Amino acid sequence: MNAPNEMPLRFEPAAARREWGDAPTSRAPGWVYTDPEVYREELERFFYRGHWAYVGLECEVPGPGDFKRTSIGERSVILVRGKDGALNVVENRCAHRGVAFCRERRGTVKDFTCPYHQWNYDLEGKLVGLPFRRGVKRRTEAGVEVQGGMPEDFKLEDHGLTRLKVAARGGAVFASFDAEVEPLEDYLGPAILPWFDRCFDGRPLTLLGINRQRIPANWKLMQENIKDPYHPGLLHTWFVTFGLWRADQTSRMVMDAQHRHAAMISTRNAGGGGDVTQGVTSFRDQMSLQDDRVLDVVPEAWWNGPSVVMQTIFPSLIVQQQVNSLSTRQIIPAGPGAFDFVWTHFGFADDDAAMTRRRLRQANLFGPAGYVSADDGEVIEFVQRAFAANDGARTLSELDGREAKDTPHMVTETLIRGMYGYWRGVMGV
Ligand SMILES: [Fe+2]
């Protein structure tokens, strides 16, 4: 029995029971997905400090004053192109009372005005003016009297919006609250940079459409899903049946030096039966498409071979090239048990009309209701529910061993182990 001043274990603060247990990276305790204190710490350490977060594509804000509102972690930010054409990212938080003054998702503005007290900011986030700064003049019998106003030493330049550090590469835009963050190129690292540049090679991009959804699962489960080449040929009927992703494809798994980012690189094969479809319940030998334009795949020169490259840029971005369908998928945490997932489908400005139609049709595989991606949203919700009910249980990621290393095949969970090695290092767990 506990002494009166001893609380039972389950009432101790979360920090006191952050014991990882054995298996350094291949078994994650359930509380990594559910603990609110761990989650708050993740926001600080991964989203607000030391990391770059994806905020959008340059083609979303083509002209001066064009903006989009988005979030880094739980903090609202605005990507806005300045009058000089430069990309600015400012926090959507009025310096006066903290109001998120920008409510529209996107648009074009000359400046920003907070609705609460009409404080006005330019496109670089500088405070331009505010009502009654010099008080209100009032005529009295004694003459003109000034009432109120800001103190003499109030300076506009001391009260601008929080400006983030910004880096753009090949049309993709990243921002960081951390002025000391390393250059984006170093952040991506030499192993991942060529795969990033393969897609974002400087050709102007075109915006094809946006989907957004809230998935009731921890944000890391989406990173894990795209670091998991084990499941696509098992879970996804569309992938295994039509040969878009199967364990018998030529594949490799690549990580950056710190194992936080990764690329799953693979080349489509002919599909059909064979060993890897034996007993796979999602494989439908008899399934065929009434309208086969959905899979009207045309290889493109810039692929240089692989028909699919899925990149996880930790913590906030997935870059998808799955045959002719391209998207960025942004991860925006919303508490330990949910995240917003924003899909931005894009193409290249030099695509002909047929290629644009093709990219749009193939985009039906992805997004919230995608023929493939709807499966992922659902299964990671199941994972979250299981650990919400029992956060002392653990995951198991031991396919192909317990170490994290690049592999010349996809029969592995190496990328998930790599991510948890990095996660533990940064979190000090
Ligand atoms: Fe999947």
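Calculation rules
Residues numbered from 1 in each chain as written. Predicted model: local features only at pLDDT ≥ 70, side-chain atom pairs only at ≥ 80, totals over all residues. Heavy atoms only, no water. Helix = DSSP H or I, 4+ residues; strand = E, 2+ residues; numbered from the N terminus. Buried < 20%, exposed > 50% of the residue type's maximum accessible area, 1.4 Å probe, protein only. Contact = heavy atoms within 4.5 Å. Patch = residues over 30% accessible without salt bridge, like charges linked within 9 Å, V, L, I, M, F, W, Y side chains within 5 Å. Areas by Shrake-Rupley, 256 points an atom, 1.4 Å probe, with all protein chains shown as cover. Salt bridge = Lys/Arg side-chain N within 4 Å of Asp/Glu carboxyl O. Lys, Arg positive; Asp, Glu negative; His and termini not counted. Charge placed at Lys NZ, Arg CZ, Asp CG, Glu CD. Donors = N, O, S within 2.8 Å, 3.2 Å for Na, K, Ca; no water. Tetrahedral: all angles 85-135°; square planar, octahedral: opposite > 155°, others 65-115°. Polar contact = N/O pair within 3.5 Å; in protein donor to acceptor, adjacent residues only side chain to side chain. Domains from an automatic or database assignment. Buried area = accessible area lost by both parts, 1.4 Å probe. Pairing = 2+ DSSP bridges.

Quick look at the environment of Tyr-116 now. If you trace the backbone, Tyr-116 turns up in the loop between strand E6 (112-113) and strand E7 (120-121). Classification of Tyr-116 by relative accessible area gives exposed; the value is 53%. Separated by 22 residues in the primary sequence, Tyr-116 and Cys-94 have C-alpha atoms spaced 9.2 Å apart. Setting aside anything within four residues of it in sequence, one finds Tyr-116 in contact with Arg-97 and Val-99.

Taken together, the side chains of Glu-152, Asp-153, Glu-157 and Asp-158 define an acidic patch exposed on the protein surface. Structurally, Asp-153 can be placed in the loop between strand E10 (143-147) and strand E11 (165-169).

Between any two of four tetrahedral donors, the ideal angle at the metal is 109.5 degrees; between two of six octahedral donors, it is 90 or 180 degrees. The iron ion binds to the protein through His-231 (NE2), His-236 (NE2), Asp-376 (OD) and Asp-376 (OD), with metal-donor distances spanning 2.0 to 2.6 Å. One can describe the donor arrangement at the iron ion as irregular, given that its four donor atoms subtend angles of 55 to 144° at the metal. Taken in sequence order, the residues that donate to the iron ion follow the motif H-x4-H-x139-D. We classify His-236 as buried; its relative accessible area is 1%.

All right, on to the environment of Thr-412 then. Mapped onto the elements, Thr-412 comes out in the loop between helix H8 (373-389) and helix H9 (414-427). Given the relative accessible area of 0%, Thr-412 is considered buried. Thr-412 sits 228 residues away from Leu-184 along the chain, and the two C-alpha atoms are 28 Å apart. In contact with Thr-412, not counting residues within four places along its chain, are Pro-229, Tyr-230, Met-253, Leu-399, Asp-400, Thr-407 and Arg-417. At 3.0 Å, the side chain of Thr-412 forms a polar contact with the backbone nitrogen of Thr-414.

Our focus in this paragraph is the domain arrangement of the chain. Size of an interface: often given as the accessible area lost when the parts come together. Annotation of the chain at the domain level lists domain 1 (53-127 + 155-165) and domain 2 (190-427). A C-alpha centroid distance of 32 Å is found between domain 1 and domain 2. Tallying the contact residues gives 13 residues for domain 1 and 16 residues for domain 2. Taken together, the two surfaces of domain 1 and domain 2 that pack against each other cover about 1100 Å², and 59% of this comes from carbon and sulfur. In terms of surface lost to domain 2, no three residues of domain 1 exceed Tyr-54, Leu-57 and Cys-59, which account for 47% of the buried area on that side. Counting across the interface, domain 1 meets domain 2 through zero salt bridges. The interface formed by domain 1 and domain 2 includes six residue pairs in polar contact (both at pLDDT 80 or more). No other element matches the four residues that strand E1 (residues 53-57) contributes to the side of domain 1 that touches domain 2.

Let's shift gears to the sheet that holds E6. The strand order E6-E7-E8 describes an open sheet built from three strands, whose pairing is antiparallel. Of all the strands in the sheet, just E6 and strand E8 (127-129) have a single pairing partner and so form its edges. By the bridge criterion, two bridges tie E7 to E8 in an arrangement that is antiparallel. Bridged to Tyr-121 within E8 is Leu-127.

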